[in-house]
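# Analysis of the macromolecular model
Chain residues, written in single-letter form:
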Amino acid sequence: MILLLKILLLIFTFSFDISISLETYNGQCPHRSQMKTRASWVCGSNPLENYSCLYGTNGSVESCTDKSDYAAPGKRYVVKDNPHPENCPIYRYQPYKLWSNRSSDCEFIKSECGELGQIMCGIGTTIKDLTCRCDHTRGYAFLTTPRNVSLCEPTAEDCSCFLKICDKSFILASDYNCKPRQYLDEQITCITLPDQE
């Protein structure tokens, strides 16, 4: 009975390891929850010390020899000829340093400003999320006034908008106050991300 349990355990372990190894052949690095098991399978002793799976120009590249290093905020590690840091893609950001043996992608996807009345008004940076504002030209104002009256950071504050009704002879200005119709409002220029392919 004990021998049978050992054989079943060995079969289960073998099939689990094979299913994980197939993921990297599909050009994908293992999920964080599978990284320790994959590192043990590929590298043997001291797996997490030296194991890395980084994305390169031809899919993922696993290694057991690269010394762990970190990329500064706003950067990620990729492999071209050798592992090196490069800026995060425009749709992602990385606010803190990123260890090369933990991930090859910037951790955070930028917000979408897709709630009712919201519009994007700044693309952010490689270390900061983008900014949103409420579309005052369609009558929307912030439900809660953000730190910067004109812009809101969706990962740091509530950017919810509501439809603000002004009297008939008034319009909603860019500062979200109702002003006489003859009021010349300042133009707010918003920078948006290009469409994602």
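Overview of the structure. Only a predicted model underlies this, so the values are computations on that prediction, with no experimental measurement involved.

Before going further, it helps to examine the overall build of the protein. Looking only at helices and strands, the protein features three helices and 14 strands. Scored against the burial criterion, the 197 residues of the protein give a buried share of 34%. Excluding contacts between residues fewer than 6 apart, the proportion of contacts in the protein whose partners are at least 24 apart in sequence is 37%. Only carbon and sulfur atoms are counted for the fraction: they give 56% of the accessible area of the protein, which is about 12700 Å².

On to the packing of aromatic side chains. The relation between two aromatic rings is expressed through the spacing of the ring centres and the mutual angle of the planes. Tallying each qualifying case throughout the model produces three aromatic pairs. Centre to centre, the rings of Tyr-96 and Phe-108 are 6.1 Å apart; their planes meet at 90°, and the pair counts as edge-to-face. Taken together, the positions of Tyr-96 in the loop between β6 (92-93) and β7 (98-99) and Phe-108 in strand β8 (residues 108-109) put the pair twelve residues apart, joining distant regions of the chain. Classification of Tyr-96 by relative accessible area gives partly exposed; the value is 40%. Each ring, one from Phe-142 and one from Tyr-176, has its centre 5.2 Å from the other, and the planes form 70°; the classification is edge-to-face. On the criterion of sequence distance, the pair formed by Phe-142 in strand β11 (residues 140-142) and Tyr-176 in the loop between β13 (170-172) and β14 (178-180) is long-range, its members being 34 residues apart.

Take the state of the cysteines next. Following the criterion strictly, the structure yields five disulfides and no others. Each disulfide pairs two cysteine sulfurs, and for Cys-134 the partner residue is Cys-161, the sulfurs being separated by 2.0 Å. Judged by the sign of its S-S torsion, about -90°, the bond between Cys-134 and Cys-161 is left-handed. With Cys-134 in strand β10 (residues 131-134) and Cys-161 in strand β12 (residues 161-163), the pair connects residues that are 27 residues apart, well separated along the chain. Taking relative accessible area as the criterion, Cys-134 reaches 0% and is therefore assigned buried.

Turning to unusual backbone geometry, a few remarks are in order. Even without glycine at this site, Cys-113 takes up a positive phi of about 50°. Relative to the elements of secondary structure, Cys-113 occurs in the loop between β8 and β9 (118-122). Even without being a glycine, Tyr-176 presents a positive backbone phi close to 70°.

Once that is clear, we can look at the nonpolar core. Counting residues in each nonpolar core, the largest one holds ten residues, listed as Cys-134, Tyr-140, Ala-141, Phe-142, Cys-152, Cys-159, Cys-161, Cys-166, Leu-172 and Tyr-176. Per-element tally for this core: the top contributor is β11, with three residues. When near neighbours in sequence (up to four residues on either side) are disregarded, Cys-166 contacts Ile-171, Leu-172 and Cys-178. With six residues, the next largest nonpolar core counts Cys-29, Met-35, Ala-39 and Cys-43 among its residues.

Applying the stated criterion across every chain yields a total of five salt bridges. Across the pair Lys-128 and Glu-153 runs a salt bridge whose closest N-O atoms are separated by 4.0 Å. With Lys-128 in the loop between β9 and β10 and Glu-153 in the loop between β11 and β12, the pair connects residues that are 25 residues apart, well separated along the chain. Residue Lys-179 pairs with Asp-175 through a salt bridge whose shortest N-O separation is 2.8 Å. On the accessibility criterion, Asp-175 (28% relative accessible area) is partly exposed. Shared partners join several salt bridges into a network, and the residues in it are Lys-128, Arg-147, Glu-153 and Glu-157.

Quick notes on the rules
- Residues numbered from 1 in each chain as written.
- Predicted model: local features only at pLDDT ≥ 70, side-chain atom pairs only at ≥ 80, totals over all residues.
- Heavy atoms only, no water.
- Helix = DSSP H or I, 4+ residues; strand = E, 2+ residues; numbered from the N terminus.
- Buried < 20%, exposed > 50% of the residue type's maximum accessible area, 1.4 Å probe, protein only.
- Contact = heavy atoms within 4.5 Å.
- Areas by Shrake-Rupley, 256 points an atom, 1.4 Å probe, with all protein chains shown as cover.
- Phe/Tyr/Trp six-rings, centres within 6.5 Å; stacked < 30°, edge-to-face > 60°.
- Disulfide = S-S within 2.5 Å.
- Core = buried A, V, L, I, M, F, W, Y, C linked by side-chain atoms within 4.5 Å.
- Salt bridge = Lys/Arg side-chain N within 4 Å of Asp/Glu carboxyl O.

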